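Residue-level listing of the chains:
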Protein chains: 2
Amino acid sequence: MKKFKIIKISVEPQDAVLISRTNNKNIAMQARFRLVKGQKEVPVTQVVKVEGIVQEGEIGLSKSLMKKLVAKEGEEVTLHPQSRVISPSYSLVKQRITQPGRLFTQTEIDQIINDIIIGNASPLESSVFLTSQLFQEWSLTEVEYLTKSLAASGQMIDWGEGNIFDKHSLGGVPGNKVSLLIVPIIAAAGLTIPKTSSRAITSPSGTADTMEAFGCDIEFTIDEIVEIAQRTGGLIAWTGGLNIVPADEKLIREVQFPLGIDPEPMMMASVLSKKVAMGINFLCLDIPCGSATKVETMEGAKRLAHRFSELGQRLGIRIESGITYGSSPVGHTVGPGLEAREALAALIEPLKASDSLIGKSTSLAGILLEMSGKAIQGRGQDFASELLQSGKAYAKFQEILEAQNADPNIRPDDIEIGKCVYEYIAPQNGWVVEINNEVIARAARAAGAPMDKRAGVYFLKKKDSVKRGEVIFRLHAPTDKKLLAAEAELAKEVPIVIEGMLLGRE
Amino acid sequence: MKKFKIIKISVEPQDAVLISRTNNKNIAMQARFRLVKGQKEVPVTQVVKVEGIVQEGEIGLSKSLMKKLVAKEGEEVTLHPQSRVISPSYSLVKQRITQPGRLFTQTEIDQIINDIIIGNASPLESSVFLTSQLFQEWSLTEVEYLTKSLAASGQMIDWGEGNIFDKHSLGGVPGNKVSLLIVPIIAAAGLTIPKTSSRAITSPSGTADTMEAFGCDIEFTIDEIVEIAQRTGGLIAWTGGLNIVPADEKLIREVQFPLGIDPEPMMMASVLSKKVAMGINFLCLDIPCGSATKVETMEGAKRLAHRFSELGQRLGIRIESGITYGSSPVGHTVGPGLEAREALAALIEPLKASDSLIGKSTSLAGILLEMSGKAIQGRGQDFASELLQSGKAYAKFQEILEAQNADPNIRPDDIEIGKCVYEYIAPQNGWVVEINNEVIARAARAAGAPMDKRAGVYFLKKKDSVKRGEVIFRLHAPTDKKLLAAEAELAKEVPIVIEGMLLGRE
């Protein structure tokens, strides 16, 4: 522990601090420190000793760190090195691992989540919490505790009276633009569906990215969401712009994304905590089943659907799941701009749209319509199709575009698409038996998606019969350089398998 | 990827680098970067953007980092941000987790260890490798691969002809100074025992720390170790001073120590890789059994002994284990100076020494003497006692002290002990039924051990009958401040349990 005088510096990361190498020899370069001033305490990412910028006895802090500490230049802070600090709740995580039959209580989960939020728990410690979930069965009661604790980590919406609907997809399927049809269908039926979506993390486009391709605003405050939803019935906002479930966001960024792990208890709690925070009480869950999705078998999908349904019951959310085909892209397009074009065209002229897009959208929307009582059992999908074909869903979508500050009269061709094009040609006659979603996703990302809305893939053929020389898909990129990068990805692994084709040669 | 001109700066940690905030907006603050210059590549702990010290286009590197890159001031390097880089071998770790029945091959383990050494694998990724070992059974063949791969990560000793002996304790027992007796006994029998020991990590004293209390040098090169061992038969050196098994050292520092985990496959490989690197072919393994040690039951200890023996066979090391009582300290003392005093006194006058110290030392030494053929089966301990009582072991220890540059005629009282003393008094009559090793260890560390050799605990009574008011132990500290800190630890939790005593009151 050592006292320092604060000076303001310009530094990134903003929670790094600078001290002078002179006279600070006894401060060992450990992994973790914290700054204390009066009652305020903040964790420090990195203490860096330098010569220059800071003088002996001074500590350089960013403006943002000074704000967190409620500190001014010239004031004193103490720097506490933390030798082998184990966050207070980490011992609970270890007990759960080593003691057979040990389960978490609500209080314990609250402590763990709190340590994550306030920065007591290092990402390394959190990795043990998450990795252990890959191996140890969690009771549904524990998942319920985790969900509640995550939900309580940020803001929560109170809608007062009335039912709030939502649709959520577990992901893993490229081109899954169905929310852009389902939200206006449900809102056109007179229900409230304030959809929040993430941006893409590993995929070419998240629903939030696709909405941006229309020119929509997607960052709203809680109050704005309530206001828009009460006016239009529906909207599609970006989850990250809201302060809901920050603990989940932190775990994804610091541990799950870098490690590429998504253990089931955390995955379920992550999905439903956001629904609890958003005040949802009717949820249609889309469980894509197939290679590269979260569940590979029907049995696994059914088990997960039942677990979600029971967990929802405990949290006051009625959940019905639709298990969907997840082994090839939905519709013809992948990437923000192309997906926006396709969804808009389907809203305007549903009869010309692809079966996979219309079928998946209306069947999932149908589930919500039946749950709400707007349609009788077995007639939900028909009612959804009717709302689509009558133009009511499109009219509602125009209202939503306007509410999100985009042009309600935008046409599919108005949405810009990358001019640099590579055509993937069928090397032989035959039946396309496999589309490698991961290769397609990597190529679209190499072309610039999701940041560059113009990048993506357009499928002329999917699981179809093709003739040698026919174009199977077109890859669009904003620049030649991006196109080359995307082509390089396609060269690494076969994106399309035609029956009878040679897959490799050694 | 961006090019920079190198300038030399003074910075800690030495693998942090500084760049200017001006014009580097597009470099996102990710967790991982690497610097590349020609064929050389080094990972960077932290990129810090500042205003001052470095100008636009410059990158500030420490002398040590420039050396690693073989770079001079003014030369160019490129900085590569690594977005979600998964080390090449991390996918193997994930496959082992998700694919039932999947086992590692030697090549795969080699890749994983190599990624750890060259800094490709982040501590977070390594934590998954280690945490998964808490849950997934490893085949002995996989442990063998891991041992070989760890051993090959650093220098290895080739002794040419002849047998090399060693003794290793799995740890967890305070005051375990038996190596200080075993090494001279074995060397006095004419065998070679080049013992390498660690410093204390969580205990009050490691064997290396205790050797330093005699004024011994403990850092040697491989050549020096061979030279001393061939001359005296024995020595006690610090493992950390040698470049053997650096991958193990890195995993302990970056993952196992901060997380407090020590999964069995890694633990076994860690122990035996050091023996392989040191060229040991006869090993006596001390498996302390009891609370706060690595194994709590006799069954567990026997199972571990068999696994070690079989693993040793595969690696060309004959291993016999002694399962020892681990629930109270060995001898009367805990802490470097006090332990050095007790061990030296026991070598000089073994008949006056404590039964637990003499008994444990001679029985383990006896195992080695029988393994070597120096004693027939069942007579090893007697021969060890004879070497001790005849003064031959003490004479050998004097040779070792001299070889390690300490005074061979040092007497127990010459070793300095903390003058500030707290006496722990029996609060009632009765039998001491428990000594809480962890509380004793925490108090000794609070008093300054192992860094301050003078700090420690001296037991007048162990599991004995005591009278109210009798002194059970004395805690020694170098200063009053340290003494207060140690007393505070003793106040937190009961260090000694006397039968019938009230343990708490709510």
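Nothing here was measured: the structure is a model prediction, and the numbers come from that model.

Chemist: Break down the relation of the copies chain B and chain A for me, with residues and values.
Modeler: Each copy of the sequence occupies a distinct position, and chain B is placed on chain A by a rotation of 180° and an axial shift of 0.0 Å, giving an RMSD of 0.1 Å. One copy is carried onto the other by what is essentially a two-fold rotation axis. The position closest to the rotation axis in chain B is occupied by the C-alpha of Leu124(B), lying 2.9 Å away.

Chemist: Kindly report on the domain arrangement of chain A, identifying the contributing residues and their values.
Modeler: According to the domain assignment, chain A consists of domain 1 (2–81), domain 2 (90–137), domain 3 (165–241 + 295–322 + 329–403) and domain 4 (416–498). Of note, the centres of domain 1 of chain A and domain 3 of chain A, computed from C-alpha atoms alone, are 47 Å apart.

Chemist: Would you mind going over the sheet that holds strand β12 (residues 282–289) of chain A in detail, with residue names and values included?
Modeler: Residue and element names in this part refer to chain A. Across the sheet, which stays open at both edges, the three strands sit in the order β9-β12-β13 with parallel pairing between neighbours. The open sheet is flanked by β9 (165–169) and β13 (318–325), the only strands paired with a single partner. For this sheet the average axis-to-axis angle between neighbouring strands, irrespective of direction, equals 20°. One ladder, built from eight bridges, connects β12 with β13; its direction is parallel. Opposite Phe 282, over in β13, you have Arg 318 as the bridge partner.

Chemist: For the interface of chain B and chain A, give the residues involved together with the corresponding values.
Modeler: Counting residues at the interface gives 33 residues for chain B and 33 residues for chain A. When residues in the side of chain B that touches chain A are grouped by element, the largest group, seven residues, is from helix α4 (residues 123–132) of chain B. Looking at the side of chain B that touches chain A residue by residue, the class counts come to 20 nonpolar, seven polar and six charged. For strand β6 (residues 46–50) of chain A and strand β2 (residues 11–12) of chain B, the ladder comprises two bridges, and the chain directions are antiparallel. Looking across to β2(B), one finds that Val50(A) is bridged to Val11(B).

Chemist: With reference to specific residues and values, describe the environment of Asn243(A).
Modeler: Residue and element names in this part refer to chain A. You can see Asn 243 is positioned in the loop between β11 (234–238) and α9 (246–259). In this structure the C-alpha to C-alpha distance between Asn 243 and Phe 473, which are 230 residues apart in sequence, comes to 39 Å. In this structure Asn 243 touches Gly 154 and Gln 155, once residues within four positions along its chain are discounted.

Chemist: Describe the nonpolar core, listing the residues and the values that go with them.
Modeler: Membership of the largest hydrophobic core comes to 262 residues, with the highest contact counts inside it found for Ile185(A), Ile186(A), Ile185(B) and Ile186(B). When neighbours within four sequence positions are excluded, Ile186(B) is seen to be in contact with Phe165(B), Leu191(B), Ile193(B), Gly234(B), Ala365(B) and Leu368(B).

Chemist: Give me the lowdown on the pairing of strand β16 (residues 430–435) of chain A, citing residues and values where you can.
Modeler: All names here are of chain A. Relative to strand β18 (residues 465–466), β16 runs antiparallel, the two sharing two bridges. Residue Gly 430 lies in a different strand from β18, and its bridge partner there is Val 466. Relative to strand β20 (residues 496–498), β16 is paired through three bridges, and the arrangement is antiparallel. Note on β20: the bridge partner recorded for Glu 434 is Val 497.

Chemist: Requested: an account of the environment of Asp414(A), with residues and values cited.
Modeler: All names here are of chain A. Tracing the chain through its elements places Asp 414 in the loop between α15 (392–403) and β15 (420–425). Residue Asp 414 is classed as partly exposed on the basis of its 13 C-beta neighbours within 10 Å. C-alpha separation for the pair Asp 414 and Arg 341, spaced 73 residues apart in sequence, amounts to 8.5 Å.

Reading the values: the criteria
- Residues numbered from 1 in each chain as written.
- Chains lettered and ligands numbered in written order.
- Predicted model: local features only at pLDDT ≥ 70, side-chain atom pairs only at ≥ 80, totals over all residues.
- Least-squares fit on C-alpha atoms with pLDDT ≥ 70 in both.
- Domains from an automatic or database assignment.
- Pairing = 2+ DSSP bridges.
- Helix = DSSP H or I, 4+ residues; strand = E, 2+ residues; numbered from the N terminus.
- Axes fitted to C-alpha atoms, helices over the stretch in contact; angles between N-to-C directions.
- Contact = placed C-beta atoms within 7 Å.
- Nonpolar A, V, L, I, M, F, W, Y, C, P; charged D, E, K, R; others polar.
- Core = buried A, V, L, I, M, F, W, Y, C linked by C-beta atoms within 7 Å.
- Buried ≥ 20, exposed ≤ 12 C-beta atoms within 10 Å, placed from the backbone.

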